[in-house]
Amino acid sequence: MRKHPLPLRLSFLALLASTATGFAAEFAPLFLSANQMSIATGKPSLVMMSSGSTHIPVWSLSGGTDGQSVSGVVTGLPRDCGGVRVEITVTSTDAETSPALEDVYRVHLSQMVEGAPFTERHLQGDPIRTALPAAPLHSRTIVLESYYQVVPDAPLTVRIQREPADPADTFTSPTGLAVVKVTPLSALPEPHVVQEAQGYNSWPMLQALGNKLVCVYTRGSGHTIGEDARATYARTSTDGGKTWTAETVVANSPGYCDVPVGKGLDSTGAMLLWVRRVGKDWHQDLYRTTDGVKFTLVTTPELAVRPVQITDVLSVPNVGLMSLWFAGNYGTEATNSWGMVTSKDDGKTWTQTPAESDLPKDQWPTEPAAVYLGDGKILCIARTEMGGPGTVRSQFQITSTDYGKTWTRKQTNITDVAASTPSLILDAKTGLLSLYYYQRGRAGLLRRRVVEPKHVFEHPLLWPVSEAVAAGSQIAYDAGNVNATVIGGTHYLSFYSGKAPDTAVLVSVLKGPKGEERK
């Protein structure tokens, strides 16, 4: 029996965040007050923030001096938890506080696991930017990490750091850190296996054909697109991804590497599939299938700008079929571009239109996902190829109000990314937009953000906090590349995970969000 009453209290599940969405269940939260934390780096000060007869102990974190952080140790994580969510409460007495200003924080997490160095499970959290309140003395609760995978019963070290050197931190006055809240969460549900980890199975595309799921993926010997041995395969499922038919070959071109890069439907409901074919030259092949088993080559368009890849197909009124593309060499030169290809004859012929050219790497949107919202509006989220710990490493949002004739590109507040390919689902019934992406590396998480499009269409810094829906390998490039589809009110998400030279193709299943949950 445990000696302390707190862990016993935590052994009871509190309330599911939502049984309809597949989120992790929550246990009773744990708290660290300012008095329970100590200086970790720099010279922050423990002060009393006062107004009238109200006095609150806080850690004062500078808005001008970089490298200030405080830390504390959380004990009593329940034995059956699988992760934690970390939030902070901050405030300020400064009269200059304003929603036009932002501050940036991050969390460092690690665990003291028996038999391992306490550095082994370290996670440097992503920078989180938020707007300040309209007046002083108002407190804000900021989620710094929505899901950190933990070893139950092991002490958890939490270090909170403000990042005034980040370009997004525009508030130069100190802020007061009052409380850290750590909420234990249950383990994430296991995904279904489409293709077992025998060979490097990767980069899956997932499409609903009626009530049938079609999963297309590629297999080679490693994380490369330049080997002749890499071909593209397909499997189908009629029971929601629990079981899959035998593997069939989609494309295995002699002397070329075949990789699926985009999917969608034509006007008849048949599935379209873009396959990138790389050998002595590059091609983008478009295939069509009505059953997910037999794929027929439709066309290989001749394009003036050679795309790295062409992404998912969507239908846009007055335009026809549309796919976005990006081109470049991932180098430092400003030679990158992106745009769209459109078809008025169900994919038989395509017209290429560049949107932006001569872009530097830090302004280059790659692997874009798009949805048509109605009234000529298109919303797109694109991956960033930037690394580093700052808010410059955030996904792009690209919008159009005129059916794709003109576009506006801005950075978002979506910073929990690492070579994270986005995928979007717009729910017809609720009007809610779900953004999925896999955060590669130490996090190893498939994440989702849900929003009403009208809230972010002109305000890309207002995307809500992410939630983890599945976990995979924590090896940088041996997992990732989510691609989503929907049947009824259920979302299906394909991704790959493992350790080279063997990775598996997986599918996670969860209910789509309900409108009343997002009010």
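Residues numbered from 1 in each chain as written. Predicted model: local features only at pLDDT ≥ 70, side-chain atom pairs only at ≥ 80, totals over all residues. Heavy atoms only, no water.

> I would appreciate a short explanation of the layout of surface pockets in the present structure.
In this structure, the largest pocket encloses a volume near 650 Å³. Along its surface, the largest pocket is lined by 22 residues, and Lys263, Val313, Val371, Leu424 and Val486 are the ones closest to its centre. Elements that contribute at least two residues to the lining of the largest pocket include exactly strand E16 (200-209), strand E20 (257-265), strand E24 (309-316), strand E28 (366-374), strand E32 (423-426) and strand E36 (479-487). Looking at the lining of the largest pocket residue by residue, the class counts come to 14 nonpolar, five polar and three charged. Each pocket or cavity is described by its volume, and for the second largest pocket that value is around 430 Å³. Every residue lining the second largest pocket is counted, 26 residues in all, and those nearest its centre are Trp203, Gln309, Glu367, Arg383 and Asn481. When residues of the lining of the second largest pocket are traced back to their parent elements, those giving at least two are E16, E20, E24, E28 and E36. (1 Å grid on protein atoms, 1.4 Å probe; cavity = no way out; pocket = protein on both sides within 12 Å on 5 of 7 lines; lining within 4 Å. Points joined across faces, edges and corners; volume = space filled by probe spheres on them. Helix = DSSP H or I, 4+ residues; strand = E, 2+ residues; numbered from the N terminus. Nonpolar A, V, L, I, M, F, W, Y, C, P; charged D, E, K, R; others polar.)

> Help me understand the packing of aromatic side chains, please; the structure alone is not making it clear to me.
Here a ring pair, both rings aromatic, is described through the centre-centre distance and the interplanar angle of the planes. Enumeration according to the criterion identifies eight aromatic pairs in this entry. Ring geometry for Tyr217 and Tyr233: centres 6.2 Å apart, planes at 35°, overall tilted. Highlighted residues: Tyr217 in strand E17 (residues 212-220) and Tyr233 in strand E18 (residues 231-237), separated in sequence by 16 residues. Given the relative accessible area of 12%, Tyr233 is considered buried. Seen in terms of ring centroids, Phe326 and Trp364 are 5.8 Å apart; in terms of plane orientation they differ by 65°. Their pairing is edge-to-face. Linking Phe326 in strand E25 (residues 320-327) with Trp364 in the loop between strand E27 (351-359) and E28, this pair joins segments that are 38 residues apart in sequence. Residue Phe326 shares its accessibility class with Trp364, and that shared class is buried. Feature note: the residues Phe326, Tyr330 and Trp364 constitute an aromatic cluster, connected by ring pairs. (Phe/Tyr/Trp six-rings, centres within 6.5 Å; stacked < 30°, edge-to-face > 60°. Buried < 20%, exposed > 50% of the residue type's maximum accessible area, 1.4 Å probe, protein only.)

> Help me understand the nonpolar core in this model?
Soluble globular proteins tend to pack their nonpolar side chains together in the buried interior. Residues Ile88, Leu156, Val158, Leu177 and Val180 are the most contacted members of the largest nonpolar core, which totals 30 residues. Elements with a minimum of two residues in this core: strand E3 (30-33), strand E6 (54-61), strand E7 (69-74), strand E8 (83-91), strand E9 (102-111), strand E12 (140-149), strand E13 (156-162) and strand E14 (175-185). With four residues, the single largest contributor to this core is E8. One finds Val316, Leu324, Phe396 and Ile398 within the second-largest nonpolar core, a separate group that totals 18 residues. (Core = buried A, V, L, I, M, F, W, Y, C linked by side-chain atoms within 4.5 Å.)

> Where do I start with empty space enclosed by the protein in this structure?
Over the atoms rolls a probe the size of a water molecule, and in doing so it shows where empty space is left. Applying the stated criterion across every chain yields a total of two cavities of 30 Å³ or more. One number sums up the size of the largest cavity: a volume of about 40 Å³. Considering the residues around the largest cavity, the lining is formed by Leu123, Tyr147, Tyr148, Gln149, Arg442, Ala443, Leu445 and Gln474. Looking at the lining of the largest cavity, its residues break down into five nonpolar, two polar and one charged. Approximately 30 Å³ is the volume found for the second largest cavity. Elements that contribute at least two residues to the lining of the second largest cavity include exactly E24 and E28. Along the lines of polarity and charge, the residues of the lining of the second largest cavity split into five nonpolar, one polar and one charged.

> What is the right way to read the environment of Thr503 from this model?
Among the structural elements, Thr503 can be located in strand E38 (residues 502-511). The exposure class of Thr503 is buried, given its relative accessible area of 0%. Taking C-alpha positions, Thr503 is 8.7 Å from Gln195, a pair spaced 308 residues apart along the chain. With sequence-adjacent residues up to four places away left out, Thr503 is seen in contact with Glu196, Ala197, Gln198, Gly199, Tyr200, Asn201, Asp478, Tyr496, Ser497 and Gly498. (Contact = heavy atoms within 4.5 Å.)

Take it as geometry only, folks, not as evidence of what the structure does.
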